[in-house]
Amino acid sequence: MQFTSIRIVTEQLDQMTAFYERVTGTTANRPAPVFAEITTGGLTLALATPATVAMLGAAAPIAGTNRSVVVEFEVADVDAAFAALGHDDVVLPPTTMPWGNRSALLRDPDGNVVNLFARPTSG
């Protein structure tokens, strides 16, 4: 078995795609109007409209309702990455965590928490 991707189901596909393109500095692959993929660091973040899971009926994921996942990106410089985004929905500005990571947390257009972090440098 091989891990392939995490998919976020969203009603705001264009806004979410643009957000994650800004975060990753990567252009999304858009094989269909209802789907986008952003691949970076060997992993893929898939973004899709509810139409892609409609056949699941009542068991389908519901867009914009996640409160349990943090999407994390390791960056070289948290402060610079955070400043470059110029984002309004900040959960935690750049902060050094008790375990040494430098992190900044913000929300994507659907309200999912996104962590930009850097591991401590060994000195």
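This text follows the structure it describes.
The shown structure was predicted, so the numbers you read here are calculated from the model rather than taken from an experiment. (Residues numbered from 1 in each chain as written. Predicted model: local features only at pLDDT ≥ 70, side-chain atom pairs only at ≥ 80, totals over all residues. Heavy atoms only, no water.)

Thoughts on the overall build of the chain
A tally of regular secondary structure across the chain gives two helices and eight strands. Tracing the chain from N to C terminus, the helices and strands come up as β-α-β-β-β-β-α-β-β-β. Here the chain has a C-alpha radius of gyration of 15 Å; the compact-globule value for 123 residues is 14 Å, and the two agree. Counting only C-alpha atoms and orienting by the principal axes, one finds that the chain spans roughly 50 × 30 × 25 Å. Sorting the 123 residues of the chain into buried and exposed places 37% on the buried side. Here the contacts in the chain between residues at least 6 apart in sequence split such that 48% fall between residues at least 24 apart. Accessible surface, the chain: about 7300 Å² in total, of which carbon and sulfur atoms supply 55%. Computing the positive centroid from 7 side-chain charges and the negative centroid from 12, the chain places the two 3 Å apart. (Helix = DSSP H or I, 4+ residues; strand = E, 2+ residues; numbered from the N terminus. Rg over C-alpha atoms; globule rule 2.2 N^0.38 Å. Buried < 20%, exposed > 50% of the residue type's maximum accessible area, 1.4 Å probe, protein only. Contact = heavy atoms within 4.5 Å. Areas by Shrake-Rupley, 256 points an atom, 1.4 Å probe, with all protein chains shown as cover. Lys, Arg positive; Asp, Glu negative; His and termini not counted. Charge placed at Lys NZ, Arg CZ, Asp CG, Glu CD.)

Digging into the packing of aromatic side chains
Inspection of the entire model under this criterion finds two aromatic pairs. Seen in terms of ring centroids, Tyr20 and Phe73 are 6.2 Å apart; in terms of plane orientation they differ by 45°. Their pairing is tilted. Taken together, the residues Tyr20 in helix H1 (residues 13-24) and Phe73 in strand S5 (residues 70-74) connect sequence positions 53 residues apart. The same class applies to Tyr20 as to Phe73, namely buried. Through a chain of ring-to-ring contacts, three or more aromatic side chains come together here, namely Phe19, Tyr20 and Phe73. (Phe/Tyr/Trp six-rings, centres within 6.5 Å; stacked < 30°, edge-to-face > 60°.)

Here's the deal with the layout of surface pockets
Empty space within the largest pocket amounts to approximately 310 Å³. Every element with two or more residues in the lining of the largest pocket is listed here: H1, strand S3 (35-40), strand S4 (43-48) and S5. Per-element accounting of the lining of the largest pocket gives the leading share, four residues, to S5. The residue makeup of the lining of the largest pocket, split by class, is 10 nonpolar, four polar and one charged. Here the second largest pocket is characterised by a volume of approximately 210 Å³. (1 Å grid on protein atoms, 1.4 Å probe; cavity = no way out; pocket = protein on both sides within 12 Å on 5 of 7 lines; lining within 4 Å. Points joined across faces, edges and corners; volume = space filled by probe spheres on them. Nonpolar A, V, L, I, M, F, W, Y, C, P; charged D, E, K, R; others polar.)

Points about the nonpolar core
Among the nonpolar cores identified, the biggest contains 22 residues, and Ile8, Tyr20, Leu47, Phe73, Leu106, Val114 and Leu116 are the most heavily contacted of them. Looking at this core element by element, the count peaks at five residues for H1. Apart from residues lying up to four places away in sequence, Phe73 is in contact with Tyr20, Val23, Thr24, Thr40, Val114, Asn115, Leu116 and Phe117. (Core = buried A, V, L, I, M, F, W, Y, C linked by side-chain atoms within 4.5 Å.)

Topic: the pattern of salt bridges
Applying the stated rule across the entire model yields three salt bridges. A salt bridge links Arg30 to Asp14; its shortest N-O distance comes to 3.3 Å. Of this pair, Arg30 sits in strand S2 (residues 29-32) while Asp14 sits in helix H1, and the two are 16 residues apart along the sequence. Between Arg119 and Glu74 there is a salt bridge; the shortest N-O distance is 3.4 Å. On the criterion of sequence distance, the pair formed by Arg119 in the segment after strand S8 (113-118) and Glu74 in strand S5 is long-range, its members being 45 residues apart. (Salt bridge = Lys/Arg side-chain N within 4 Å of Asp/Glu carboxyl O.)

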